[in-house]
Amino acid sequence: MASPGGPAAPAGAHAALLPPVQTPPPGSTAPAASGRPRRGRSRALPAWAWALPPVGALGLVFLYPLFLVARQSVSPDTGGRSLTAYTQVFREESFRKALWNTVWIAAASTAGCLVLGFVLALVIAFAPFPGGRALSRFIDIFLAFPSFLITLALLFVYGTAGMANGLWTDVTGAADGPFAFLRTPWGVLLAEITYFTPFVMRPLLAAFSQVDTAQLEAASSLGARAPRIVRQIVLPEALAAGGSLVLVLCLNEFGIVLFTGAKGVTTLPTLVYSKAILDGDYPGACVVSVVSVALSVTLYALYRAVLARATGGGHRARA
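What you see is a predicted model, and the numbers here were worked out from it, not measured in a lab. (Residues numbered from 1 in each chain as written. Predicted model: local features only at pLDDT ≥ 70, side-chain atom pairs only at ≥ 80, totals over all residues. Heavy atoms only, no water.)

Colleague: How should I be thinking about the overall build of the chain in this particular structure?
Modeller: Along its length, the chain carries 13 helices and zero strands. Reading the helices (α) and strands (β) of the chain from amino to carboxyl end gives α-α-α-α-α-α-α-α-α-α-α-α-α. The proportion of buried residues among the 319 residues of the chain is 31%. A separation of at least 24 residues holds for 72% of the contacts in the chain among residues at least 6 apart in sequence. Of the roughly 20,500 Å² that the chain leaves accessible, carbon and sulfur atoms contribute 67%. (Helix = DSSP H or I, 4+ residues; strand = E, 2+ residues; numbered from the N terminus. Buried < 20%, exposed > 50% of the residue type's maximum accessible area, 1.4 Å probe, protein only. Contact = heavy atoms within 4.5 Å. Areas by Shrake-Rupley, 256 points an atom, 1.4 Å probe, with all protein chains shown as cover.)

Colleague: Would you mind going over the layout of surface pockets with me for this structure?
Modeller: Empty pockets left among the atoms are what a rolling probe the size of a water molecule brings to light. Reported here for the largest pocket is a volume of approximately 250 Å³. If you trace the largest pocket, you find 13 residues lining it, with Leu66, Asn252, Ser289, Ser292 and Val293 closest to the centre. Of all the secondary structure elements, the ones that give two or more residues to the lining of the largest pocket are helix H2 (47-73), helix H12 (268-278) and helix H13 (282-318). Among the elements that take part in the lining of the largest pocket, H13 stands out by supplying six residues, more than any other. Its residues assigned to classes, the lining of the largest pocket comprises nine nonpolar, four polar and no charged. (1 Å grid on protein atoms, 1.4 Å probe; cavity = no way out; pocket = protein on both sides within 12 Å on 5 of 7 lines; lining within 4 Å. Points joined across faces, edges and corners; volume = space filled by probe spheres on them. Nonpolar A, V, L, I, M, F, W, Y, C, P; charged D, E, K, R; others polar.)

Colleague: Before we go on, may I ask you to explain empty space enclosed by the protein in this structure?
Modeller: Counted according to the given criterion, the structure contains one cavity of 30 Å³ or more. Size it by volume and the largest cavity reaches roughly 30 Å³. For the largest cavity, the full set of lining residues is Thr102, Ile105, Ala106, Glu192, Cys250, Leu251, Glu253, Thr267 and Pro269.

Colleague: I tried to follow a nonpolar patch on the surface on my own but got confused; where do I start?
Modeller: Side chains of Leu58, Leu60, Val61, Phe62, Leu63, Leu66, Val293 and Val297 sit close together on the surface and give an oily, nonpolar patch of about 750 Å² of accessible area. The set of elements that each furnish at least two residues to the nonpolar patch consists of H2 and H13. No other element matches H2, which puts six residues into the nonpolar patch. Within the secondary structure layout, Val293 lies in helix H13. For Val293, a relative accessible area of 37% corresponds to the partly exposed category. (Patch = residues over 30% accessible without salt bridge, like charges linked within 9 Å, V, L, I, M, F, W, Y side chains within 5 Å. Salt bridge = Lys/Arg side-chain N within 4 Å of Asp/Glu carboxyl O.)

Colleague: Got a minute to help me understand the side chain of Thr110 in this structure?
Modeller: Note on placement: Thr110 falls in helix H4 (residues 93-126). Taking relative accessible area as the criterion, Thr110 reaches 5% and is therefore assigned buried. A distance of 2.7 Å separates a polar atom in the side chain of Thr110 from the backbone oxygen of Ala106. (Polar contact = N/O pair within 3.5 Å; in protein donor to acceptor, adjacent residues only side chain to side chain.)

Colleague: In this structure, what is going on with the packing of aromatic side chains? I would like to understand it.
Modeller: Any two aromatic rings considered together are summarised by their centre-to-centre distance and by the angle between their planes. One pass over the full model with this rule turns up eleven aromatic pairs. Centre to centre, the rings of Tyr86 and Phe90 are 6.0 Å apart; their planes meet at 70°, and the pair counts as edge-to-face. Taken together, the positions of Tyr86 and Phe90, both in helix H3 (residues 84-91) and four residues apart, correspond to about one turn of that helix. A residue is classified by how much of its surface remains accessible, and Tyr86, at 17% relative accessible area, is buried. Put simply, the rings of Tyr86, Phe90 and Phe95 touch in pairs and so form one group of aromatic residues. (Phe/Tyr/Trp six-rings, centres within 6.5 Å; stacked < 30°, edge-to-face > 60°.)

Colleague: Looking at this model, I keep getting lost on the packing of H4 against H12. Mind explaining?
Modeller: A pair of packed helices is captured by two measures, namely the crossing angle of their axes and the spacing between those axes. In the contact formed by H4 and H12, the axes pass within 8 Å of each other and the chain directions differ by 145°. Together, Ser94, Phe95, Ala98, Leu99 and Thr102 of H4 and Leu268, Pro269 and Leu271 of H12 make up the contact between the two elements. Its residues placed into classes, the contact of H4 with H12 shows six nonpolar, two polar and no charged. (Axes fitted to C-alpha atoms, helices over the stretch in contact; angles between N-to-C directions.)

Colleague: Would you mind showing me how to read the environment of Gly159 here?
Modeller: Within the fold, Gly159 resides in the loop between helix H6 (147-158) and helix H7 (163-172). Between the C-alpha atom of Gly159 and that of Phe181, which follows or precedes it by 22 residues, the distance is 8.4 Å. Gly159 has contacts with Leu154, Asn165, Phe179 and Leu182, leaving out every residue within four places of it along the chain.

Colleague: Looking at this structure, how should I read the packing of H6 against H7?
Modeller: Two elements in contact, H6 and H7, have axes separated by 4 Å at closest approach and are oriented at 5°. As judged from the angle between their axes, H6 and H7 are roughly parallel. Packed against H6, whose contacting residues are Phe156, Val157 and Tyr158, the element H7 presents Met163, Ala164 and Asn165 at the interface. The class makeup of the residues in the contact of H6 with H7 is five nonpolar, one polar and no charged. (Parallel < 35°, antiparallel > 145°, perpendicular 65-115°, else oblique.)

This is how it looks when you write it as structure tokens:
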């Protein structure tokens, strides 16, 4: 429409004064208008709330039975609460022997597993050979074997009526064979090292796969020899990965000690079995159980503390 006294304004001039119209893309539908205000995004749960279900399950399945064992250890058969069971157990010679056997067998087995497992894992990881992959897969299968099966296999080979003694008597005509070490602490040690070495090798192989080969090459280019490279770069990773697991397992091993039938070799787990099943001394068995748990936690924490210092020294050497 023309304004009076002047020319008609262009049609696009009025359109330029209006806000642009948002058109939905093809194939989409425009949202329906609503008089209600949009609700804000729901508030996320705090981080500690997500931890409540697993902590509750852990407390119900693990911590509560431990609490019952600890309560039974201070609950004598006469009733009430007393530390009499602790006093009686600590005075027994059998408890002191079992405590010593548990500590030294676990420590020696862990050391033997670390040495043997470290060498084998080092060869598999850094010196490829035909069949290495198959051997690595066999280690995974070996981890599923029960401990008594390995002990039974050793009895078939080195037992009193085993293959080695049978071959000796057939050749020499002697009445008995010379192999009788399975019924000694050394037999328990051999069985635990045989069984738990793959438990070291598997974490070791996983740790070795994470080692940066560039660090090894850089150290070698700077003149570091192979033993020094292994000691400062690879060994701390190996100890952290394998030793802690085997130490805890050896401290609480029951089947190997029982199946070897070693005379005079009583550990804390077998002492718990003896007191609870054979003697019917449940407060005493609970006392030994509490001591066994405390010993496992203490030695594990001590091992990790010493290992943390060694690992920190290895990292500083790398830097």
